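An overview of the molecular structure
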Amino acid sequence: MEYYLHLFINGLVVGSIYSLVALGFVIIYKATKVVNFAQGELVMVGAYVCFALTVQAHIPFIWSFLLTLAFSVILGLCVERLVLRPLIGEPIISVIMVTVGLSSVLKALVQVIWGTQIRVYPQVLPNEPIMIMGLPVAPVYIAAFVLSALLFTIFSLFFKFSSLGIAMRATAFDQQAAQSMGIGIKNIFALSWCIACVVSSIGGIILGNINGINSQLGTLGLKVFPAVILGGLDSLLGAALGGLIIGVLENISDGLAKEFLNLGGFKEVASFIILILILMIKPYGLFGSKEVERV
Amino acid sequence: MSKANKCGLFFTSYEQEAQLFPSKFQKICLGLFLITLCLCPYLLDTYIISLFNLIFIAVIGAVSLNLLTGCCGQISLGHGAFIGVGAYATGYLMQLGLSFWLALPMAGLITAAVGMIFGIPSLRLKGIYLAIATLAAQIILEYIFLHWEGVTGGSNGLPVDSPQIFGFFLDNDISMFYLLFSFAVITTLAVSNLLRTKPGRAFVAIRDFYLSAEIMGINLFAYKLMAFGVSSFFAGLAGGLWATYSMYITPEQFGIGLSISYLAMIIIGGMGSVLGSIMGAVFITLLPEGLSWISGSLSNVFPDISTYLLGLKEGVFGLILILFLIFEPEGLVHRWRLIKAYWKLYPFAH
């Protein structure tokens, strides 16, 4: 039982990082209807930039964290302007493939600059485990969970109350109507890419503090799909819950497969089996908006 | 009929218009092209022949994916895994003692069945949701390749025999050239002909607008499943040929990267066009070779370049994909049509 409780807590931590990545994904999808296959690579780039600033340039961690966020804003602006804007109005497969191309380019850049071996972050948080329900949990795990909860609260409030957030929601709801009310659609698109890059970078930095980073970090981006489909492609709350649920389910089913079926590495595939089931039963997820078609 | 060829083509019946090669000139050109290709093994060295072989396999895969994604509008991110199913099925059936000529079509049918199973969600799902469902298919199949060790050999891989004909083993590049070449031609002709028939036109109708297609009396589910089945059948053939040509298969060969490079082929070549699939297959297969050649000749100037080659290859692939999507979204086949149109009227501008 303790084993499963441990898996559960581990799942929550991993899930909170999935939620962060899913948050970036959902923000882009909500505002621009672009499905971003490069989300994992954005995580990786953020993690590597922060690593380079702390370890290679010897900047104190808190400053390099903030500099990485600034860098992410610029990266988001460049990506939106150079890659996505020319493809507005193109068919969905073109938009998917351009983000796939973007992910290849980002991955190649990271490999050329930093190589492929595992890099480790310096110790930022104390190593002493904290006891939760009789189980030792590393502080970095708790920090990860708290940080992503905090970010979700901030963004929920931002979308609910700030005028910019309301403008983003209006754009998501009906682009033409929003434009005719004087909302600059292009700025909204750029802003949503910036936010997505920033939250992905934060996810990357947390991951780097937990496990270290290597150039395969981008495969994490694939885990976003089960999470956002479960939550609903265009729902922030869905992204948060979907990430957590997928993280927990994945860890526990991995434990079950190991114990009862003697199957290794089930973690990789569990979330995708769940994904197929969700698509068959409830294609728009828990909180996604249904696309109603009447003929 | 031949009188009509004096200045352009003028069709007087639907049969004429639906011909694969409407003019005699086209037929002669194609015949000469095929004969030249047949002579290639006697003229070129084995390295270039091996590139030809890779291109033939890629052509089969790309034509089949274009039938599904380009013509029927069903985005598939799992084509690489379907090719893997064909490869493993061929290898396993041949290990059971079946001859290549029986194992290959059976592998095609098995792949068609797998493809149709993963095509079932296409009834309810469209666009991005279907793309994600096929992505799940890709990852689940990849997991099965790695963990069903009794059949696939797991991470150790599966050795595959060479095909045998009249007691001869087709175990070198030149003999495989003719086998792969004939399969590529057969696939291309089969798919081109399928597109001229009722199912082919139903696929295009579904792609263009599924509701109108349904109103016209097309059974969406049946035709979508059929598209998945036929496409996966040819993907299975490509996989089986790839397995017997490379003689050794491992799970990582059929990863998501393969699916993406096949999608890149049909996008760079031209969606929904058989000729475009062939152009894209040639382009994407030769791209890494071209890069290796360039970096080889640059290594005198920049000695470290080979250490960056892996990253470089992936980066250039992504960059070319992005540039094509932005500047040439219709693909190479569109450019080819423009060139032909230019020479048709040369030297007059209009």
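Structure: above.
Throughout what follows, the structure given in this document is the object of discussion. (Residues numbered from 1 in each chain as written. Chains lettered and ligands numbered in written order. Predicted model: local features only at pLDDT ≥ 70, side-chain atom pairs only at ≥ 80, totals over all residues. Heavy atoms only, no water.)

1. Re the overall build of chain A
Rules: A run of H or I in DSSP becomes a helix once it reaches four residues, and a run of E becomes a strand once it reaches two; helices and strands are each numbered from the N terminus. For every residue, the accessible area obtained with a 1.4 Å probe (protein chains only) is divided by the maximum for its type, and the residue is called buried under 20%, exposed over 50%, and partly exposed between those limits. Here the accessible surface of atoms and residues is derived via Shrake-Rupley with a 1.4 Å probe, and residues count as covered only by protein chains that are part of the display. Residues counted as positive are Lys and Arg, residues counted as negative are Asp and Glu, and His and the chain ends are not counted. The atoms used to mark charge sites are NZ of Lys, CZ of Arg, CG of Asp and CD of Glu.
On a plain count of helices and strands, chain A comes out with eleven helices and two strands. Start at the N end of chain A and walk to the C end: the helices and strands fall as α-α-α-α-β-β-α-α-α-α-α-α-α. By its C-alpha atoms, chain A is 55 × 50 × 35 Å across when sized along the principal axes. Taking all 295 residues of chain A together, 56% fall into the buried category. Here chain A displays about 13100 Å² of accessible surface, and carbon together with sulfur accounts for 68% of that area. Distance between charge centres in chain A, computed from 15 positive and 13 negative side chains, equals 8 Å.

2. Section: unusual backbone geometry
Of note, the phi angle at A:His58 is positive, near 55°, even though the residue is not glycine. Mapping A:His58 onto the fold places it in the loop between helix 2 (39-56) and helix 3 (61-84). One non-glycine residue, B:Met247, lies in the positive phi region at around 65°. Take B:Met247: it is sitting in the loop between helix 11 (220-246) and strand 4 (248-249).

3. Quick look at helix 11 (residues 267-281) of chain A
Selection criterion: In this analysis, the expected span of each helix is defined as 1.5 Å times one less than the number of residues it contains. By the convention used here, residues are in contact when the closest approach between their heavy atoms is within 4.5 Å.
Here helix 11 of chain A contains 15 residues, and its C-alpha end-to-end distance of 22 Å stays within 8% of the 21 Å for a straight helix at 1.5 Å per residue. Restricting attention to buried positions, one finds in helix 11 of chain A the residues A:Val269, A:Ala270, A:Ser271, A:Phe272, A:Ile274, A:Leu275, A:Ile276, A:Ile278 and A:Leu279. Buried residues along helix 11 of chain A sit against helix 9 (220-231) and helix 10 (236-261) of chain A together with helix 5 (100-119) and helix 6 (127-147) of chain B.

4. So, the pattern of salt bridges
Residues and elements named next belong to chain A. Using the following cut-off: Salt bridge criterion: a side-chain nitrogen from Lys or Arg within 4 Å of a carboxyl oxygen from Asp or Glu.
All told, the structure shown has six salt bridges over all chains when counted by the stated rule. Measuring nitrogen to oxygen at the nearest pair gives 3.6 Å for the salt bridge that ties Glu-250 to Lys-223. You can see Glu-250 sitting in helix 10 and its partner Lys-223 sitting in helix 9, a full 27 residues away along the chain. Take Lys-223: its relative accessible area is 10%, and that puts it in the buried class.

5. Looking at the environment of B:Phe177
All names here are of chain B. Examined against the element boundaries, Phe-177 turns out to sit in helix 8 (residues 173-196). When its relative accessible area of 0% is taken as the criterion, Phe-177 is described as buried. A C-alpha to C-alpha distance of 22 Å links Phe-177 and Phe-254, two positions 77 residues apart in sequence.

6. As for a nonpolar patch on the surface
Residue and element names in this part refer to chain B. How we decide: Patch membership needs two things, relative accessible area over 30% and no salt bridge, and members are linked within 9 Å if like-charged or within 5 Å if nonpolar (Val, Leu, Ile, Met, Phe, Trp, Tyr).
Together, Ile-35, Leu-39, Tyr-42, Leu-43, Leu-44, Tyr-47 and Ile-48 give the surface a local cluster of nonpolar side chains, amounting to about 740 Å² of exposed area. For the nonpolar patch, the elements supplying multiple residues, two or more each, are helix 2 (24-43) and helix 3 (46-71). Considering each element in turn, the nonpolar patch owes the most residues, four residues, to helix 2. By the element assignment, Ile-48 lies in helix 3. Take Ile-48: its relative accessible area is 31%, and that puts it in the partly exposed class.

7. A word on the nonpolar core
Stated formally: Side-chain atoms within 4.5 Å are what join buried Ala, Val, Leu, Ile, Met, Phe, Trp, Tyr and Cys residues into a set we call a nonpolar core.
In terms of nonpolar packing, the biggest core is built from 193 residues, with A:Met97 and B:Ile128 touching the most fellow members. Once residues within four sequence positions are removed from consideration, B:Ile128 is found in contact with A:Tyr29, A:Val35, A:Ile92, A:Ile96 and A:Leu233.

8. Concerning helix 8 (residues 185-211) of chain A
In an α-helix, one turn spans 3.6 residues; hence positions three or four apart end up facing the same way. Residue and element names in this part refer to chain A. Look at helix 8: 39 Å from first C-alpha to last across 27 residues, which is about the 39 Å you get at 1.5 Å a residue. Summarising burial for helix 8: 22 of the 27 residues are buried, a large majority. Phi turns positive, to about 80°, at Gly-212, one or two residues after helix 8.

9. What to know about the interface of chain A and chain B
Bring the parts together and some accessible area is lost; that lost area is often taken as the interface size. Under the convention used in this document: By buried area we mean the combined loss of accessible area, with a 1.4 Å probe, across both parts when two parts are placed together. For the purposes of these results, a polar contact is taken to be a pair of N or O atoms within 3.5 Å, where, inside protein, one atom must be able to donate a hydrogen and its partner to accept one; residues adjacent in sequence count only when each atom of the pair is a side-chain atom. Each residue receives one of three labels: charged for Asp, Glu, Lys and Arg, nonpolar for Ala, Val, Leu, Ile, Met, Phe, Trp, Tyr, Cys and Pro, and polar for the others, Gly being one of them.
On the side of chain B, 42 residues touch chain A, which itself brings 45 residues to the contact. Taken together, both faces of the contact between chain A and chain B bury some 3700 Å²; the carbon and sulfur share is 81%. Sorting the residues of chain A by area buried against chain B places A:Ile93, A:Met97 and A:Leu279 first, and these three jointly supply 16% of that buried surface. For the pair chain A and chain B, the interface holds one salt bridge. A salt bridge links B:Glu314 to A:Lys107; the nearest nitrogen and oxygen atoms lie 3.8 Å apart. Where chain A meets chain B, there are zero residue pairs in polar contact (both at pLDDT 80 or more). Listing elements by their share of the side of chain A that touches chain B, those giving two or more residues are helix 3, helix 4 (92-114), helix 9 and helix 11 of chain A. When residues in the side of chain A that touches chain B are grouped by element, the largest group, 15 residues, is from helix 4 of chain A. Looking at side-chain class alone, the side of chain A that touches chain B contains 34 nonpolar, six polar and five charged residues.

10. Some remarks on the side chain of B:Ser50
All names here are of chain B. Structurally, Ser-50 can be placed in helix 3. Side-chain polar atoms of Ser-50 contact the backbone oxygen of Tyr-47, separated by 2.6 Å. Dropping the residues within four chain positions of it, Ser-50 is found in contact with Asp-173 and Tyr-245.

11. Notes on the layout of surface pockets
All names here are of chain B. Selection criterion: Both site types are read off a 1 Å grid over the protein atoms alone. A 1.4 Å probe that fits but cannot get out defines a cavity, while an open set with protein on both sides within 12 Å along at least five of seven lines defines a pocket; lining residues have an atom within 4 Å of a point. Grid points are joined across faces, edges and corners, and a volume is the space filled by probe spheres set on the points.
Volume-wise, the second largest pocket comes out at about 2200 Å³. As for the second largest pocket, its lining consists of 49 residues, and the residues nearest its centre are Phe-21, Gln-26, Leu-30, Leu-275 and Trp-336. Put simply, the parts of the chain that give the lining of the second largest pocket at least two residues each are helix 2, helix 3, helix 8, helix 9 (198-208), helix 13 (274-298) and helix 15 (332-345). It is helix 8 that contributes the most residues to the lining of the second largest pocket, eight residues altogether. Residue classes in the lining of the second largest pocket are distributed as 33 nonpolar, ten polar and six charged.

12. Overview of the packing of helix 11 of chain A against helix 6 of chain B
Basically, it comes down to this: The axes used here are C-alpha line fits, helices contributing only the stretch in contact, and every angle between their N-to-C directions lies in the interval 0 to 180 degrees. Left-handed is the label given to a crossing in which the near helix is rotated counterclockwise from the far helix by less than a right angle, and right-handed is the label when the rotation is clockwise.
The geometry of helix 11 of chain A relative to helix 6 of chain B is characterised by a closest axis approach of 9 Å and an angle of 145° between their N-to-C directions. By crossing handedness, the relation of helix 11 of chain A to helix 6 of chain B is classed as left-handed. On helix 6 of chain B, the residues that touch A:Glu268, A:Val269, A:Phe272, A:Ile273, A:Leu275, A:Ile276 and A:Leu279 of helix 11 of chain A are B:Tyr129, B:Ile132, B:Ala133, B:Leu135, B:Ala136, B:Ile139, B:Ile140 and B:Tyr143. Each residue belonging to the contact of helix 11 of chain A with helix 6 of chain B can be placed in one class, and the counts come to 14 nonpolar, no polar and one charged.

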